[in-house]
Amino acid sequence: MTFTDAADRHYPAFSTDACIKCNVCNTVCPVARVTDLFPGPKYVGPQAQRFREAPRSADHSVDLCSGCGFCTRACPQGVRIAETNSRARAEMVEERGSSLRNRVIADTDLLIRLGVPFAPLANFALRSRILRWIGERVVGVHRSAALHPFARRTFQAAVARRRVSDDRGPDRTLIYFHGCAVNGFETSLGRDAISVLERNGFSVIVPPQSCCALPMISNGLYPQARAKARRNLTVLGDYARRGYRIVTTSTSCGYTLKAEYAEMLDLDDPDARAVARQTWDICELLGDLHERSKLDTRLAPLDRELPYHPPCQLKAHGIGTPAMDLFALIPGLRAWNSEHDCCGAAGTYGLKRERWQIAQDVGRGLFARLRERPAPDMACDSETCRWQITASTSIPARHPVEYIAESYRRWDAAHIGEVARAEAGTQLGAT
Amino acid sequence: MPDVDVVVIGGGATGAGVLRDLAMRGLRAVLVERADFGSGTSGRYHGLLHSGARYVVHDPESARDCARENAVIRRIAPACLELTGGYFVATPDDPLDYAERFVPACAAAGVEVDEVSPAALLDAEPLLNRRIWRAFSVADASLEPWELIDANLASARAHGAEAWRYTRLTRIVTGEDGAVAGVELEAGRTGERRTIACSAVVNAAGAWAGQVAALAGARLGMRPGKGAMLVMNRRLTSAVVNRLAPAGDGDILVPVHTVSILGTTDVEVADPDDVRVTDEEVRALLADGDRLVPGLSGSRVVRAYAGCRPLYDEADVDAAHESREISRAHHVVDHGQRDGIRGLWSIVGGKLTTYRLMAEQTVDAVAGALGVAAACRTADEVLPGSEEGRSYWLGERLAALEAEGGGDADLVCECEIITSGQLQAELDAHPDSTLDDLRRATRLGMGPCQGAFCTCRAAALLSDRQGMGLNGSATPDPNAALLAFLAERVRGTRAIAWGDQLAELWLEAGVYRGTLAVDTIGAAGNGSQDGAPSHAEP
Ligand SMILES: Cc1cc2nc3c(=O)[nH]c(=O)nc-3n(C[C@H](O)[C@H](O)[C@H](O)COP(=O)(O)OP(=O)(O)OC[C@H]3O[C@@H](n4cnc5c(N)ncnc54)[C@H](O)[C@@H]3O)c2cc1C
């Protein structure tokens, strides 16, 4: 890191030079709004930064930052406030260590490895009020926190027998980074994603992969996060450097690959740069196909209301709300945007005993709005937000691409005969 | 019967040190300072407790003094120090052979140096020039002047002395025998005059020593050397960094609390109160700064300021000299011997690092003349506040606030983390403080926003206290205090108003002119202070 980079403001802690203390960040912070325990992004960011010098950390309250990143988005001066805070937390953890709870909930790979083989038992435990109460007391995971039941089989295991080669080249082949949510909890989302992409003419490779490391990053566990990230980069970097695109179905994992490996973990090698450049959110990719008139728009109607909540991480991508654009292609689907900033979950934040109430307060407005206009289920691009919303409102939440998949399936069901005839026709024509 | 034995003129480090030493030797003494304590050069210096290494080649006498006093200050005033350590580094622009002279000269002067590999240096200080090819570590440290002065005054008071600020010496009265008989003083804020009878006067007025000597009709050849410095928005290095070369302009970078200070220039000036920073100086400093930390000139500067070196030209003739070449070792001038004014001594030259030694030698002379045999104990007795032996740590204020549960509801100055409780305590102790006095006591307004956000809050505090009848009789009206402080803060940003700092100034202008309409304060007839100008004008 040279100082010349500081002038370019790539390095988060240097960007604090630009703070003019205008307070805009404080006005958008969802956490500072609901609790006096958190003095706000200006304080824990650029202000406290002036009093930080490794290896000794003076911080405590920075740990209340949920990492939603709104402060960074809102700053008119380009200060990387959330990133600065994340690094400060990491230094705090490096100096004072981390709780066993944080290390466990941040290690989703481990949780999946332990939970999936014993899914029935584990899921029973998750539903048991007494066990959850004990879990809160002993481990520090709030008894009402949103924990999704484990899948019976990991997504990796489910696709282990698939053999997809990359010989159709980068234009027709995609690399799917499914993330932990799909791997251990929501495997059907993974299947839907693959089917939607395949329907649009792509071969989809699902390489072996680790957790993207975001939970570790947001718990300040940088060394562990770097190890995970490096493992992913070796696999993904090779594809990315050859021009293959990486697709994610989680705006959180996606943003981690796009930005946080470099911004938080200082991973700045050719692999990291290629992966950052080549990573796409699935809705972003489908939207892009549509813009270039390449999206298969044979979509059957879904005649219903659909509440949609754009997660904080999506805003970090800076890609608008591509899911809303896609919903507009489905006949009859009346999607509406929650227009609420944050559900409060913020990854593992809302799970913690001492943070749960804050997370509930942050999401309160959103929950109220969802209850006001009831719908059978709702859409959101990030898993922990979906789980938080469901746990707090009892409204099931699904990824936007699941509605696309559903619409495709209905179209297919309605047009079975037609498709067969068309295919027969092409074959005839070809001879 | 004189009112006191000795009157000390000047409330900088030297005067405070002299007062303490006098008091500890049992002399009745009073110190007068025309403005706030530490508002002269001691409050406008570079902030460095020298190891001595900077002077080994050209001024070994100063080097030896610094090395000795460095060890003493570490012992008696750790609370005023941040033990940053320091480096001398050779950049590609520095002479190839300087190290060959530097190392033996250090040994000769008793200055400890250790060679460190450039790789190890860059590891510790990643922002430094990657092309540094040689480096030595030394015992430099960052020295907080106002705390040091306060501690000396507190110790002096504990030994029975008094110190009065905002009290100007207007005349030194001599008897028919030509000996000092007393001093005439004027209270700066009320204009009240008084005379004090004394047996001796110590002129510790630094760069103003010539003016003070003239008040007794004595002539003292002072050649004030102005030095400008730039305050960088944050710390660029955690240790002091000096160039391994003969002294130049922007060749030292000192971490001072939350900032780094780059300096200094050296320009001879006629009037020590002339501390304007010119564009030329700013450019020279930035150009040199880039050699130490490449890209420094593109990063944020929050303020430019200057101080005047109390340089003494003994020969008082050779005006062709560059002022950096004049010896900085100090001189105790006995005006009885020199000018026939018995009982008047001037202490000139020197450095902040050697303030105690200067005081000791001065008081040796004064006490001897007054027939007091007590020996100096200032090097042995630890200063008030330093008893625990702990030195300053950058995270201190943040840690203290965080320990209280964080939260910034009570913060007046956000940049420097100052709570209203801290300011109230300071005001309780000194009810007639101006905002600038509070600044020296607490660092109020010294951060990146340069008072944009704290000035109105601090003025509101003064206003509340005024309502409760808690302000001293000499406290300026809160509105006037606000205007004066803003004007002073903005003044220091004139020479560096570009980029982010300019954005800050515009925001400040918006806050004070747009939202708070300070321009109407004068019209309402409240803002009578020094015709406080168009404050927040970028
Ligand atoms: C740019 C610069 C950088 C420096 N850097 C360093 C450094 O890094 N390390 C170091 O050790 N030294 C440094 N020095 C030197 C050091 O700052 C001075 O030697 C030291 O501060 C002088 O202290 P003093 O008490 O003698 O003078 P001052 O602090 O100037 O005190 C004299 C006081 O006398 C008062 N006074 C004047 N006239 C009257 C009057 N008529 N009545 C009452 N009071 C009066 C003034 O208001 C003033 O407060 C630096 C100097 C400069 C200019």
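Residues numbered from 1 in each chain as written. Chains lettered and ligands numbered in written order. Predicted model: local features only at pLDDT ≥ 70, side-chain atom pairs only at ≥ 80, totals over all residues. Heavy atoms only, no water.

Colleague: I'd like a rundown of helix α11 (residues 129–138) of chain A, residues and numbers included.
Modeller: Residues and elements named next belong to chain A. Taken residue by residue, α11 has Arg132, Gly135 and Glu136 as its buried positions. Taken end-on, α11 shows its buried residues confined to a sector of 100°, consistent with a single buried face. Across from the buried face of α11, at angles greater than 90 degrees, the exposed residues are Ile130, Arg137 and Val138. One or two residues past the end of α11 sits Gly140, with phi positive at roughly 95°. (Buried < 20%, exposed > 50% of the residue type's maximum accessible area, 1.4 Å probe, protein only. Helix = DSSP H or I, 4+ residues; strand = E, 2+ residues; numbered from the N terminus. Arc of directions from axis to C-beta.)

Colleague: Describe the site of the ligand, naming the residues involved and giving the relevant values.
Modeller: Residues and elements named next belong to chain B. For the ligand, the set of nearby residues contains 36 residues, the closest of which are Thr14, Glu33, Ser42, Leu48 and Thr353. With respect to the ligand, the side chain of Thr14 contributes an N or O atom lying 2.7 Å from an oxygen atom. Side-chain polar atom of Arg34 to an oxygen atom of the ligand: 2.9 Å apart, as the coordinates give it. Isolated, the ligand exposes 1000 Å² of accessible area, and the fraction of that covered by the protein chains is 96%. For the shell around the ligand, the class distribution of residues is 14 nonpolar, 17 polar and five charged. Lining the shell around the ligand are residues from two domains, each supplying at least three of them: domain 1 (4–41 + 146–221 + 322–369) and domain 2 (62–142 + 224–309). (Near = heavy atom within 4 Å. Polar contact = N/O pair within 3.5 Å; in protein donor to acceptor, adjacent residues only side chain to side chain. Areas by Shrake-Rupley, 256 points an atom, 1.4 Å probe, with all protein chains shown as cover. Nonpolar A, V, L, I, M, F, W, Y, C, P; charged D, E, K, R; others polar. Domains from an automatic or database assignment.)

Colleague: Quick rundown of the environment of Leu285 of chain A? Include the residues and the values.
Modeller: Residues and elements named next belong to chain A. Mapped onto the fold, Leu285 is located in helix α20 (residues 282–291). Look at Leu285 and you get buried, because its relative accessible area is 0%. Each C-alpha atom of the pair Leu285 and Arg245 lies 9.5 Å from the other, and the pair is 40 residues apart in sequence. Once you skip the residues sitting within four places of it in the chain, Leu285 turns out to touch Leu174, Leu197, Phe202, Arg245, Val247 and Trp280. (Contact = heavy atoms within 4.5 Å.)

Colleague: Tell me what's going on with the nonpolar core, and back it up with residues and numbers.
Modeller: With 43 residues, the main nonpolar core has Val6, Val8, Leu19, Leu22, Leu143, Leu148 and Leu153 of chain B as its most contacted residues. Looking at this core, you find at least three residues from each of domain 1 (4–41 + 146–221 + 322–369) and domain 2 (62–142 + 224–309) of chain B. Once residues within four sequence positions are removed from consideration, Leu153 of chain B is found in contact with Ala16, Leu19, Leu31, Phe37 and Ala163 of chain B. Of all hydrophobic cores here, the second largest spans 38 residues; its members include Leu289, Leu326, Ile330 and Ile404 of chain A. (Core = buried A, V, L, I, M, F, W, Y, C linked by side-chain atoms within 4.5 Å.)

Colleague: Outline the domain arrangement of chain A, listing residues and values.
Modeller: Residue and element names in this part refer to chain A. Annotation of chain A at the domain level lists domain 1 (6–96) and domain 2 (304–409). Relative to domain 2, the C-alpha centre of domain 1 lies at a distance of 26 Å. Contact residues are listed per partner, giving 13 residues for domain 1 and 11 residues for domain 2. Together domain 1 and domain 2 conceal approximately 1100 Å² of surface at their shared face, both sides included; 65% is due to carbon and sulfur atoms. Asp341 is the salt-bridge partner of Arg33, the closest N and O atoms lying 3.0 Å from each other. At the level of elements, α4 (30–34) and α6 (70–74) are the ones that each hand at least two residues to the side of domain 1 that touches domain 2. At four residues, the largest contribution of residues to the side of domain 1 that touches domain 2 is made by α4. (Buried area = accessible area lost by both parts, 1.4 Å probe. Salt bridge = Lys/Arg side-chain N within 4 Å of Asp/Glu carboxyl O.)

Colleague: Describe the interface of chain A and chain B, and please don't skip the residues or the numbers.
Modeller: With 31 residues of chain A in contact, the opposing surface of chain B contributes 43 residues. For the pair chain A and chain B, the summed buried surface comes to about 3100 Å²; carbon and sulfur atoms form 54% of the total. Applying the counting rule to chain A against chain B returns four salt bridges. Residue Arg50 of chain A is joined to Glu416 of chain B by a salt bridge in which the shortest nitrogen-to-oxygen separation is 3.2 Å. Summed over the shared surface of chain A and chain B, the result is 14 residue pairs in polar contact (both at pLDDT 80 or more). When contributions to the side of chain A that touches chain B are tallied by element, the ones reaching two or more residues are α1 (3–8) and α5 (41–49) of chain A. Counting residues per element, the side of chain A that touches chain B draws most heavily on α5 of chain A, which supplies four residues.

Colleague: Outline the pairing of strand β11 (residues 180–187) of chain B, listing residues and values.
Modeller: Each regular strand displays side chains that alternate between the two surfaces of the sheet. Residue and element names in this part refer to chain B. For strand β10 (residues 167–174) and β11, the ladder comprises seven bridges, and the chain directions are antiparallel. By the bridge assignment, Arg168 is partnered in β11 with Glu186. Hairpin connection of β10 to β11: five residues between the antiparallel strands, including Gly178 at a positive phi of 85°. Pairing analysis gives five bridges linking β11 to strand β12 (residues 193–203), with the strands arranged antiparallel. Its bridge partner lying in β12, Leu185 is registered against Arg194. Counting the residues that bridge the hairpin from β11 to β12 gives five residues, and of these Gly191 lies at a positive phi of roughly 75°. (Pairing = 2+ DSSP bridges.)

Colleague: Please provide a residue-by-residue account of helix α15 (residues 499–515) of chain B, values included.
Modeller: Residues and elements named next belong to chain B. Helix length check: α15 (17 residues) gives 23 Å between terminal C-alpha atoms against 24 Å at 1.5 Å per residue, within 8%. The set of residues buried in α15 consists of Asp500, Gln501, Glu504, Leu505, Glu508, Ala509, Val511 and Tyr512. The secondary structure elements touched by the buried residues of α15 are β18 (301–309), α13 (454–467) and α14 (478–491). In the stretch just after α15, Ala517 is the one whose phi turns positive, near 50°. (Expected span 1.5 Å × (residues − 1).)

Colleague: Explain the pairing of strand β20 (residues 344–348) of chain B to me, and be specific about the residues and the numbers.
Modeller: Residues and elements named next belong to chain B. Along β20, five of the five residues are buried, which leaves the element largely enclosed by surrounding structure. Across the two faces of β20 the burial is the same, with Leu344, Ser346 and Val348 and Trp345 and Ile347 all buried. Relative to β20, β12 runs parallel, the two sharing three bridges. Note on β20: the bridge partner recorded for Val202 is Trp345.

Colleague: So what's going on with the packing of α13 of chain B against α14 of chain B? Residues and values would help.
Modeller: Two quantities define a packed helix pair, namely the angle between the helix axes and the distance between the axes. Residue and element names in this part refer to chain B. Running from amino to carboxyl end, α13 crosses α14 at an angle of 155°, the nearest separation of the two axes being 9 Å. In terms of axis orientation, α13 runs roughly antiparallel to α14. As for the relative orientation of α13 and α14, their crossing is right-handed in sense. Taken together, the residues of α14 that come into contact with α13 (itself represented by Thr455, Cys456, Ala459, Leu462, Ser463 and Gln466) are Pro478, Ala481, Leu482, Phe485 and Leu486. (Axes fitted to C-alpha atoms, helices over the stretch in contact; angles between N-to-C directions. Parallel < 35°, antiparallel > 145°, perpendicular 65-115°, else oblique. Left-handed = near helix turned anticlockwise from the far one by under 90°.)

Colleague: Give me the lowdown on the packing of aromatic side chains, citing residues and values where you can.
Modeller: In the structure shown here, the tally under the stated rule is nine aromatic pairs over all chains. Following the ring pairs from residue to residue traces out a cluster consisting of Phe88, Tyr98, Phe102 and Phe136 of chain B. A cation sits over an aromatic face here: Arg298 of chain A above Trp411 of chain A, 4.9 Å from the ring centre. Of note, Arg189 of chain B hangs over the ring of Tyr166 of chain B, and the distance from its end group to the ring centre comes to 3.6 Å. (Phe/Tyr/Trp six-rings, centres within 6.5 Å; stacked < 30°, edge-to-face > 60°. Lys NZ or Arg CZ within 6 Å of the ring centre and 35° of its normal.)

Colleague: Pulling in residues and values, what's your account of the domain arrangement of chain B?
Modeller: All names here are of chain B. According to the domain assignment, chain B contains domain 1 (4–41 + 146–221 + 322–369), domain 2 (62–142 + 224–309) and domain 3 (396–536). If you average the C-alpha positions of domain 1 and of domain 2, the two centres end up 30 Å apart. At the junction of the two partners, domain 1 supplies 19 residues and domain 2 supplies 25 residues. Taking both partners together, domain 1 and domain 2 bury about 1800 Å²; carbon and sulfur atoms supply 54% of that area. Our enumeration of links across domain 1 and domain 2 arrives at two salt bridges. Ionic pairing is found between Arg34 and Asp273, a salt bridge with its closest N-O pair at 2.9 Å. Taken together, the connections running from domain 1 to domain 2 amount to six residue pairs in polar contact (both at pLDDT 80 or more). Among the secondary structure elements, those contributing two or more residues to the side of domain 1 that touches domain 2 are α5 (145–158) and α9 (355–369). Broken down by element, the residue count for the side of domain 1 that touches domain 2 peaks at three residues, all from α9.

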